[in-house]
Amino acid sequence: MLIREDFILADRHAPPEPERLPWAPDIPFRFIEINGMRLRYIAVGTGQPLVLLHTLRTQLDIFEPMLPALAKAFTVYALDFPGHGYSDAPAARYDASFFSAAVEAFLDRLDLHDVTLAGISIGGVIPLILAARHNSRLRRVVAINPYDYGHGLGLARGSVFGFVVTHTARVPIFGDIIIPLAPHWLVHRVLDGGVADRKHLSRAFADAIYSAEKRPGQSQAFITLLRNAQSWQDAQADYNRIDRPVLLIWSDHDWSRPKERARTAALIPGVVSKSISRGGHFLSLDQPDALNRLIIEFAT
């Protein structure tokens, strides 16, 4: 493994860490250490806390279109998961339990209370896991296109490029060599599979994801996440224990199938389900205004 990492880093130098968001330079980055990891996050706005959790293989920038409106109603926190964006990427088992523990520790370190926890994809499953654990810091949950179906391999449904990357990453040794060498155009094509309309996926967003993926440990984190993908579907086993208000939001072009959506909704006591049209898996990019309206109505 050390030989593999040395080979990769010889050709893919880590990018400099940005000091501010390119699309919102007045919002500085903050960093916090939890469980021995340094995580990047932002905080903006006033009001009750709203914590936003991004999708697999993206970062907090996915919420760019939503932040201005949400910051008028909440104090909004958005973080980069471990192994994503500009957070640390330690050697770890990147499964649902690992990510959920990181988010719980984040809430604890910032001592947040009465939190609305909202996320997309794996970021939509984590709030459900924490609600099933009866986490005392949670007030409400918004699960957007939760990634709890298809044995955790929903990315493979996004496009032929997503299919190839997903299944290549899961092949021992071969995936460890090939995935870190993915060119920019391939990363962009995989991300295209997350939106219903390609014009909603900006070049700047794709560039930000590709640049962060050059950081040490990032590729291996992605590979490990996909090799532990079943854990996201296994999380459903505890949904019947949820005792907090839950808003479940689906987009009409999500990677999930109607039967899978119905199964998830049926497992959550008292769930409120909504659907947004003309949206893909990355719903914050396709339909930010419609998504904001539902979150604000539910959580204020």
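Residues numbered from 1 in each chain as written. Predicted model: local features only at pLDDT ≥ 70, side-chain atom pairs only at ≥ 80, totals over all residues. Heavy atoms only, no water.

Q: Is there a simple way to think about the sheet that holds strand 10 (residues 272-276) in this case?
A: Paired through backbone hydrogen bonds, the strands of a sheet run either parallel or antiparallel to each other. The mixed open sheet is built from eight strands, whose spatial order is 3-4-6-5-7-8-9-10. The strands lining the two open edges of the sheet, one partner per strand, are strand 3 (30-34) and strand 10. Between one strand axis and the next, the sheet turns by 25 degrees as a mean value, whatever way the strands run. Seen against the sheet, helix 4 (residues 122-132) touches strand 5 (49-53), strand 7 (115-120), strand 8 (138-144) and strand 9 (246-251) and runs at an angle of roughly 150 degrees to strand 8. Helix 13 (residues 288-299) contacts strand 5, strand 7, strand 8, strand 9 and strand 10 of the sheet and is inclined by roughly 155 degrees relative to strand 8. (Pairing = 2+ DSSP bridges. Helix = DSSP H or I, 4+ residues; strand = E, 2+ residues; numbered from the N terminus. Axes fitted to C-alpha atoms, helices over the stretch in contact; angles between N-to-C directions. Contact = heavy atoms within 4.5 Å.)

Q: Could you clarify how one ought to interpret the nonpolar core in this entry?
A: In summary, soluble globular proteins display a tendency toward joint burial of nonpolar side chains. Formed by 99 residues in total, the largest nonpolar core has its most connected members in Val-51, Leu-52, Tyr-147, Trp-232, Ile-249 and Ile-295. Those residues within four positions of Val-51 in sequence are excluded, and the remaining contacts are Tyr-77, Leu-79, Phe-106, Leu-107, Leu-112, Val-115, Thr-116, Leu-117 and Ala-118. (Core = buried A, V, L, I, M, F, W, Y, C linked by side-chain atoms within 4.5 Å. Buried < 20%, exposed > 50% of the residue type's maximum accessible area, 1.4 Å probe, protein only.)

Q: Sorry, what's going on with unusual backbone geometry here?
A: Excluding glycine, residues mostly carry a negative phi; peptide bonds, for their part, are mostly trans. Residues other than glycine seldom take positive phi values, yet Asp-111 does so here, at roughly 50 degrees. Along the chain, Asp-111 falls in the loop between helix 3 (96-109) and strand 7. Among the residues examined, Asp-111 registers a relative accessible area of 45% and is labelled partly exposed. Positive phi values are uncommon outside glycine, yet Ser-121 reaches one of about 65 degrees. With respect to the secondary-structure elements, Ser-121 resides in the loop between strand 7 and helix 4.

Q: Honestly, the packing of aromatic side chains in this entry has me stumped. Any pointers?
A: The relative placement of two aromatic rings is captured by the distance of their centres and the angle of their planes. Under the definition given, this model contains 10 aromatic pairs. Seen in terms of ring centroids, Tyr-41 and Phe-106 are 5.3 Å apart; in terms of plane orientation they differ by 80 degrees. Their pairing is edge-to-face. Of this pair, Tyr-41 sits in strand 4 (residues 37-45) while Phe-106 sits in helix 3, and the two are 65 residues apart along the sequence. Both residues of the pair, Tyr-41 and Phe-106, belong to the buried class. When the centroid spacing of 5.6 Å and the interplanar angle of 75 degrees are considered together, the rings of Phe-98 and Phe-99 count as edge-to-face. (Phe/Tyr/Trp six-rings, centres within 6.5 Å; stacked < 30°, edge-to-face > 60°.)

Q: How do you make sense of the environment of Val-160 when you look at a structure like this?
A: For Val-160, the location among the structural elements is in helix 5 (residues 160-169). We classify Val-160 as exposed; its relative accessible area is 55%. Counting along the chain gives 30 residues from Val-160 to Val-190, while the straight-line C-alpha distance between them is 8.3 Å.

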